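# Residue-level structural notes
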Amino acid sequence: ASSHSTTLDKVRSSSRKRPDALSRQLCMWLLYRCTNLTHLKIGKYYKRDHATVIHSVNEVEVMLTLKDAISVQNQGYIRELRSKFKLNPTLILKC
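Quick summary incoming for the structure in this document. Computed from a prediction, not measured in an experiment: that's the story for all the values here.

## Some remarks on the environment of Thr 7
Turning to its location among the elements, Thr 7 is positioned in the segment before α1 (8–12). For Thr 7, a relative accessible area of 35% corresponds to the partly exposed category. Remark: the alpha-carbon pair of Thr 7 and Asp 20, spanning 13 residues in sequence, is separated by 8.3 Å.

## So, helix α2 (residues 18–34)
Compared with the 24 Å implied by 1.5 Å per residue over 17 residues, the 24 Å span of α2 between its first and last C-alpha is a close match. For α2, a buried count of 12 out of 17 residues is recorded, marking the element as mostly surrounded by other parts of the structure. Taken together, the buried positions of α2 are occupied by Asp 20, Ala 21, Leu 22, Ser 23, Arg 24, Gln 25, Leu 26, Cys 27, Met 28, Trp 29, Leu 30 and Leu 31.

## Focus: the packing of aromatic side chains
Geometry of an aromatic ring pair is reported as the spacing of the ring centres plus the angle between the planes. Scanning the entire structure with this criterion turns up one aromatic pair. Geometrically, the ring pair formed by Tyr 45 and Tyr 46 is edge-to-face, given 4.9 Å between the ring centres and 90° between the ring planes. Tyr 46 shares its class with Tyr 45; the two are buried. Here the guanidinium or amino end of Arg 12 rests over the ring plane of Tyr 45, the centre of that ring lying 4.0 Å away.

## A few points about the packing of α2 against helix α4 (residues 50–65)
Two elements in contact, α2 and α4, have axes whose closest approach is 8 Å; the angle formed by their N-to-C orientations is 95°. It follows from the interaxial angle that α2 and α4 lie roughly perpendicular. In this structure, α2 uses Leu 22, Gln 25, Leu 26, Met 28, Trp 29, Tyr 32 and Arg 33 to contact α4, whose residues at the interface are Thr 52, Val 53, His 55, Ser 56, Val 57, Glu 59, Val 60, Glu 61, Met 63 and Leu 64. Across the contact of α2 with α4, the residue classes tally to 10 nonpolar, four polar and three charged.

## Some points on the pattern of salt bridges
A full pass over the atoms with the stated rule returns one salt bridge. Glu 61 is the partner of Arg 33 in a salt bridge, and the nearest nitrogen-oxygen pair spans 2.8 Å. Of the two residues, Arg 33 sits in helix α2 while Glu 61 sits in helix α4, which places them 28 residues apart along the sequence. A relative accessible area of 46% means that Arg 33 is categorised as partly exposed. You can call Glu 61 partly exposed: its relative accessible area is 27%.

Thresholds, definitions, all that
Residues numbered from 1 in each chain as written. Predicted model: local features only at pLDDT ≥ 70, side-chain atom pairs only at ≥ 80, totals over all residues. Heavy atoms only, no water. Helix = DSSP H or I, 4+ residues; strand = E, 2+ residues; numbered from the N terminus. Buried < 20%, exposed > 50% of the residue type's maximum accessible area, 1.4 Å probe, protein only. Expected span 1.5 Å × (residues − 1). Phe/Tyr/Trp six-rings, centres within 6.5 Å; stacked < 30°, edge-to-face > 60°. Lys NZ or Arg CZ within 6 Å of the ring centre and 35° of its normal. Axes fitted to C-alpha atoms, helices over the stretch in contact; angles between N-to-C directions. Parallel < 35°, antiparallel > 145°, perpendicular 65-115°, else oblique. Contact = heavy atoms within 4.5 Å. Nonpolar A, V, L, I, M, F, W, Y, C, P; charged D, E, K, R; others polar. Salt bridge = Lys/Arg side-chain N within 4 Å of Asp/Glu carboxyl O.

Below, the structure written as structure tokens:
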């Protein structure tokens, strides 16, 4: 996230700018893969429906399977997001 100007507020906003949308997708993917949270609960936290979370998870899975520089860049970005936002599932459970 240090290479991007994305903040948690921007990630949770309705912004459709690519850096914000990508950050949001990656955060949704991390929460889905690293916690027991449902699509519905994650969507509620991001003010999106469960279908958007499903789409985001699928999109990130596709990005991570690509054998190119974008995949490598996204893997580094995932590590940055994980540490920057600390993706604390207890915050989301309070929704």
